[in-house]
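Fold and contact review
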Amino acid sequence: MIKLQQDADGFIRMTRHFPASAPITISFADGSTEECTGRQLNEAYDAAVAEYRALNHLDAKGFSRAPRKRTDAGTKVEFVRVHPGLAG
């Protein structure tokens, strides 16, 4: 079982996918807890990555097709927004 804690801004730290069948317990900032599967959190992670790439004009693989002007790729998402009711 994996236990995660939501921060005050509503995010959990998630730098990679979890095993799809792994039970994960999230403790929310309001004191409630919820159990979900790795598959459900992986979907939230994928949605956060897609949103990040869309906002930063990156392609599906995270690359910018514009002429290179900066050195930091910045294509990694480490924090995922979660809310009670995610598993339902």
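Residues numbered from 1 in each chain as written. Predicted model: local features only at pLDDT ≥ 70, side-chain atom pairs only at ≥ 80, totals over all residues. Heavy atoms only, no water.

Some points on the nonpolar core
Rules: As used here, the term nonpolar core means buried Ala, Val, Leu, Ile, Met, Phe, Trp, Tyr and Cys residues forming a set that is joined through side-chain atoms within 4.5 Å. Only protein chains enter the area calculation, which uses a 1.4 Å probe; residues under 20% of their type maximum are buried, those over 50% are exposed, and those in between are partly exposed. Each helix is a run of DSSP H or I of at least 4 residues and each strand a run of E of at least 2, with the numbering of both proceeding from the N terminus. A contact between two residues is defined here by any heavy atoms of the two lying within 4.5 Å.
In this structure, Ile12, Ile24, Ile26, Leu41 and Val80 are the most contacted members of the largest nonpolar core, which totals 16 residues. Of all the secondary-structure elements, those providing two or more residues to this core are β3 (23-27) and α1 (38-55). Top element by residues in this core is α1. It accounts for five residues. Beyond its immediate sequence surroundings of up to four residues, Ile26 is in contact with Leu4, Ile12, Ser32, Thr33, Glu34, Cys36, Leu41, Val82 and Leu86.

As for the confidence of the model for the chain
Just so we agree on the cut-off: For every residue, the predictor assigns a confidence score, pLDDT, that lies between 0 and 100.
Scored by pLDDT, the chain has a mean of 83; 88% of the residues are at 70 or more. Per-element confidence in the chain ranges from a low mean pLDDT of 81 for strand β5 (residues 79-81) to a high of 94 for β3.

Concerning α1
Which entries qualify depends on this criterion: Multiplying one less than the number of residues by 1.5 Å gives the expected span of a helix. Note that the arc is defined by the directions from the helix axis to the C-beta atoms.
For α1, spanning 18 residues, the distance from its first C-alpha to its last is 26 Å, which sits close to the expected 26 Å at 1.5 Å a residue. Those residues of α1 that fall on the buried side of the exposure criterion are Gly38, Leu41, Asn42, Ala44, Tyr45, Ala48 and Val49. Down the axis of α1, the smallest arc covering the buried residues is 160 degrees, so these residues share one side. Summarising the geometry of α1, the exposed residues directed more than 90 degrees from the buried face are Arg39, Glu43, Glu51 and Ala54. Each element contacted by the buried residues of α1 is listed here: β1 (2-5), β2 (11-13), β3, β4 (33-37) and β5. Phi turns positive, to about 55 degrees, at His57, one or two residues after α1.

Side note on the sheet that holds β1
The test is simple: At least two DSSP bridges between two strands are needed for those strands to be called paired. Working convention: axes come from line fits to C-alpha atoms, limited for helices to the stretch in contact. Angles between N-to-C directions cover 0 to 180 degrees.
Strand order in this open sheet of three strands is β1-β3-β4, and the pairing throughout is mixed. Edge positions in the sheet fall to β1 and β4, since each of these pairs with one other strand and no more. Across this sheet, the average inter-strand angle for adjacent strands is 25 degrees, counted without regard to direction. Bridging between β3 and β4 involves five bridges; their strand directions are antiparallel. Bridge pairing links Pro23 to Thr37 in β4. α1 contacts β1, β3 and β4 of the sheet and is inclined by roughly 90 degrees relative to β4.

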